[in-house]
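# What the coordinates show
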Amino acid sequence: ESVSRARTPVRRSFDMSLVASFPATIRTPALASRRANPIASRASLRATRPVARRSARVATAMAAAVPIMVNDLTGKMGRAVADAVVARGADVCYLVPVAFSGEAKDPVTIGDVAVEIKSIRDGDPGAVLDDLKAKHPGLIVVDYTLPAAVNANADLYVKHAAPFVMGTTGGDRVKLLEDVSASGVPAVIAPQMGKQVVAFQAAMKLMATNFPGAFRGYTLTVTESHQSSKVDTSGTAKAIVESFNELGCGFDIKDAVLVRDVPTQIAPVPNGMGVPEEHILGHAFHTYRLTSPDGTVSFEFQHNVCGRSIYAEGTVDACLFLSSKVGEGCASEDCEAGKTLFDMIDVLREGGMVTN
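Residues numbered from 1 in each chain as written. Predicted model: local features only at pLDDT ≥ 70, side-chain atom pairs only at ≥ 80, totals over all residues. Heavy atoms only, no water.

### What about the sheet that holds strand β11 (residues 283–291)?
Spatially, the four strands line up as an open sheet ordered β10-β9-β11-β12, and their pairing is mixed. The open sheet has two free edges, formed respectively by β10 (257–259) and β12 (298–306), since each of these has just one partner strand. Neighbour-to-neighbour, the strand axes of the sheet open up by a mean angle of 10°, direction not taken into account. In the sheet, β11 pairs with β12 via nine bridges, with the strands oriented antiparallel. Across the sheet, the residue bridging to Phe285 is Asn304, located in β12. (Pairing = 2+ DSSP bridges. Helix = DSSP H or I, 4+ residues; strand = E, 2+ residues; numbered from the N terminus. Axes fitted to C-alpha atoms, helices over the stretch in contact; angles between N-to-C directions.)

### Quick notes on the packing of helix α4 (residues 76–88) against helix α11 (residues 309–323)
Their axes nearest at 8 Å, the elements α4 and α11 cross at an angle of 60°. Our classification of the angle between α4 and α11 gives oblique. Judged by the sense of rotation from one axis to the other, the crossing of α4 with α11 is right-handed. In this structure, α4 contributes Met77, Ala80, Val81, Ala84, Val85 and Arg88 to the contact, and α11 contributes Tyr311, Ala312, Glu313, Thr315, Val316, Asp317 and Leu320. Along the lines of polarity and charge, the residues of the contact of α4 with α11 split into nine nonpolar, one polar and three charged. (Parallel < 35°, antiparallel > 145°, perpendicular 65-115°, else oblique. Left-handed = near helix turned anticlockwise from the far one by under 90°. Contact = heavy atoms within 4.5 Å. Nonpolar A, V, L, I, M, F, W, Y, C, P; charged D, E, K, R; others polar.)

### Some details on the sheet that holds strand β13 (residues 341–342)
On the basis of which strands lie adjacent, the open sheet formed by six strands has the order β2-β1-β6-β7-β8-β13 and parallel pairing. This sheet does not close on itself; its edge strands, each paired only once, are β2 (93–95) and β13. The pairing of strand β7 (residues 164–166) with strand β8 (residues 187–189) spans three bridges and is parallel. Note on β8: the bridge partner recorded for Met166 is Ile189. Relative to the sheet, α4 contacts β1 (66–71), β2 and β6 (140–143), its axis offset from that of β2 by approximately 135°.

### Things to note about the pattern of salt bridges
Across all of its chains, the model carries 14 salt bridges by this definition. For Asp179, the salt bridge identified is with Lys175, shortest N-O distance 2.6 Å. Residue Asp179 and its partner Lys175 are both found in helix α7 (residues 173–183); the two are separated by four residues, about one turn of the helix. Taking relative accessible area as the criterion, Lys175 reaches 35% and is therefore assigned partly exposed. We note a salt bridge from Asp232 to Lys230, for which the minimum N-O separation is 3.4 Å. A residue is classified by how much of its surface remains accessible, and Asp232, at 42% relative accessible area, is partly exposed. The class of Lys230 is partly exposed, set by a relative accessible area of 23%. Members of the salt-bridge network, linked through shared partners, are Arg88, Lys195, Glu313 and Asp317. (Salt bridge = Lys/Arg side-chain N within 4 Å of Asp/Glu carboxyl O. Buried < 20%, exposed > 50% of the residue type's maximum accessible area, 1.4 Å probe, protein only.)

### Quick word on the packing of aromatic side chains
Within the structure shown, the criterion is met by eight aromatic pairs. Look at Phe200 and Phe301: their rings are 6.3 Å apart centre to centre, the planes differ by 35°, and that puts the pair in the tilted class. Taken as a pair, Phe200 in helix α8 (residues 195–210) and Phe301 in strand β12 lie far apart in primary sequence, 101 residues in all. Judged by centre distance (5.1 Å) and plane angle (85°), the rings of Phe321 and Phe342 are edge-to-face. Taken together, the residues span a long stretch of sequence, with Phe321 in helix α11 and Phe342 in strand β13 at a distance of 21 residues. We note that Phe321, like Phe342, is buried. Each residue in the set Phe200, Phe244, Tyr288 and Phe301 is aromatic and connected to the rest through ring pairs, giving one cluster. (Phe/Tyr/Trp six-rings, centres within 6.5 Å; stacked < 30°, edge-to-face > 60°.)

### Some details on helix α5 (residues 125–135)
If you check which residues of α5 are buried, you get Pro125, Gly126, Val128, Leu129 and Leu132. Across the axial projection of α5, the buried residues extend over an arc of 160°, all falling on one side. For α5, the exposed residues lying more than 90 degrees away from the buried face are Ala134 and Lys135. Lining the buried residues of α5 we find β1, β3 (98–101), β5 (113–119), β6 and α6 (150–159). (Arc of directions from axis to C-beta.)

Next comes the structure, spelled out in structure tokens:
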């Protein structure tokens, strides 16, 4: 996204241009009417709130449960998503009893669903997808496989017009986005599915856009801890650092401190990261610290995630969001505009998400 560098003079009154920069979903149409007649609008708002809520509940109850296929649910992240699908409730969504993996495996039981694990490399996976789409109208596919399989898997979903949520990182991301966008197949593609973390990223981006250079001269340090199997710097840290750099920090992501040794991870702060020992194999602890040139002022931003539930719940939210964008019944502005490629910011703006 392009970043405006225009500066506005300092004022004592609140600059309403900032309000205009917020997403339209934040600035409700009722704002103008409330300004025109605040007393009447309050009464009207109180009267219409119950009706709106009842209408939303009725619409939800009438909607068909969304069938979700999780590839590969034999992996840790895939299993977490499958568990979240079942936990969300059969009236909202249900787990399709077939999943792809690199090779065929024994069935896996999630809740009361016995899932057949088929090889995506052998046989005709396209025919399997077509059969599942016929048996489960409105099918949404979730992909948590391997970075090396990202583009090939996306090509499969696109070829057979299967809407999908791509949670797997890696692959050729430019090609992935270009191919999926050109295909017109609805998809949510995002390297970070934790909705609250995405909200933090969006807030940082908004701050950088509105206040470029606000932290110029400050020194930034970045420390992140993940399970030892993750050897690279996280995409989340890269995105946050990009916003800090727009704020004037000038940080090289190569200077981020990657903590992967268990003793340092479990050691209490300030000598370690303070990761609970039971979450050593699945966590994401990030700390971003800003210090003024003279050392008298410091800011610290931190997000610590234990386990995978935040990502799993966000993925299910993405599936339900995508389902609303598929089919002839879609009456949203996105459908009218022909938009089919989405990210988690789109999911956030839609609202109605489960809070982890």
